[in-house]
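Summary of structural features
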Amino acid sequence: MSDIEQPAGELWGREGFREDPYVTAQTLEEAGDAPAVILPLGAWLGLTEETRNASNRKIGVLVAPGESIEPLLPILDSIPVIALQFPAFNDGRSYSKAELIKNQHHFKGELRAVGDVLIDQVAYMLRTGFDTMKVNHAVTLNRLAGHNLHDVPGYYQPGRGSHTVSGTYSWRRVPGA
């Protein structure tokens, strides 16, 4: 199994750290007999529907910031996990994809952030729909392990699980507010 790439880091979700059942591989063949695998979008799209559905394993998909999620939208119900990459802290394209996948298209599977996940981003990642994060940043690991996750008491923008301040929007005035 030397060809299997297991991203460094710990898997964290709202319930805390847990073991990651998924391995990341470039192809299904490289995953060997792993029961759960995440493939890059190109490899995942190259699988037949029959292969994705008839397999005895869970097959998730890894989407890079520059890749389109459009091919996934009609078949979201058949995908167990979508991992969205954050190659750098200042690349926010995966936030937009998370919002579309979870909140507009109602994806019920696991939405995972992978890559450069920092403590300052965790609360916003949760608000935009991420269920889990693959964390390897030492400070972030320590803060999450100590349940030291702070968020702001109110938001100006609506979002998943947010406590929006009523009648306050930075882009417009609400009459009577």
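Residues numbered from 1 in each chain as written. Predicted model: local features only at pLDDT ≥ 70, side-chain atom pairs only at ≥ 80, totals over all residues. Heavy atoms only, no water.

A few words now on the overall build of the protein chain. The number of helices and strands found in the protein chain is five helices and eight strands. When the helices and strands of the protein chain are read in sequence order from the N terminus, they spell out β-β-β-β-α-α-β-β-α-β-α-β-α. Residue burial in the protein chain is summarised as follows: out of 177 residues, 41% are buried. Looking at the protein chain alone, contacts between residues at least 24 apart form 48% of all its contacts between residues at least 6 apart. (Helix = DSSP H or I, 4+ residues; strand = E, 2+ residues; numbered from the N terminus. Buried < 20%, exposed > 50% of the residue type's maximum accessible area, 1.4 Å probe, protein only. Contact = heavy atoms within 4.5 Å.)

Applying the stated rule across the entire model yields seven salt bridges. A salt bridge links Glu110 to Arg112, with the nearest nitrogen and oxygen atoms 3.0 Å apart. Ionic contacts of the salt-bridge type, sharing partners, join the residues Glu15, Arg18, Asp20, Glu110, Arg112 and Lys134 into one network. (Salt bridge = Lys/Arg side-chain N within 4 Å of Asp/Glu carboxyl O.)

Judged by nonpolar contacts, the single largest core of 37 residues is most densely connected at Ile82, Phe130 and Met133. Tallying contributions element by element places helix α4 (residues 119–127) first for this core, with four residues. Grouped together as the second largest cluster of nonpolar side chains are seven residues, Tyr22, Leu62, Val81 and Val114 included. (Core = buried A, V, L, I, M, F, W, Y, C linked by side-chain atoms within 4.5 Å.)

Let us look at the confidence of the model for the protein chain. Caution is warranted with low-pLDDT regions, since their predicted coordinates should not be read in detail. When pLDDT is averaged across the protein chain, the result is 83; 79% of the residues are at 70 or more. A low-confidence stretch, residues 1–7 (pLDDT under 50), is modelled with 19 contacts involving residues beyond four sequence positions or located in other chains. Here residues 167–174 scores under 50 on pLDDT; set against residues more than four positions off or in separate chains, the count is eleven contacts. (pLDDT = per-residue confidence, 0-100.)

Taken in spatial order, the eight strands line up as β2-β1-β8-β7-β6-β5-β4-β3 in an open sheet, and their pairing is mixed. Of all the strands in the sheet, the pair left with one neighbour each is β2 (16–18) and β3 (23–24). The pairing of strand β5 (residues 58–63) with strand β6 (residues 81–86) spans three bridges and is parallel. Residue pairing in the sheet places Leu62 in a bridge with Ala83 of β6. (Pairing = 2+ DSSP bridges.)

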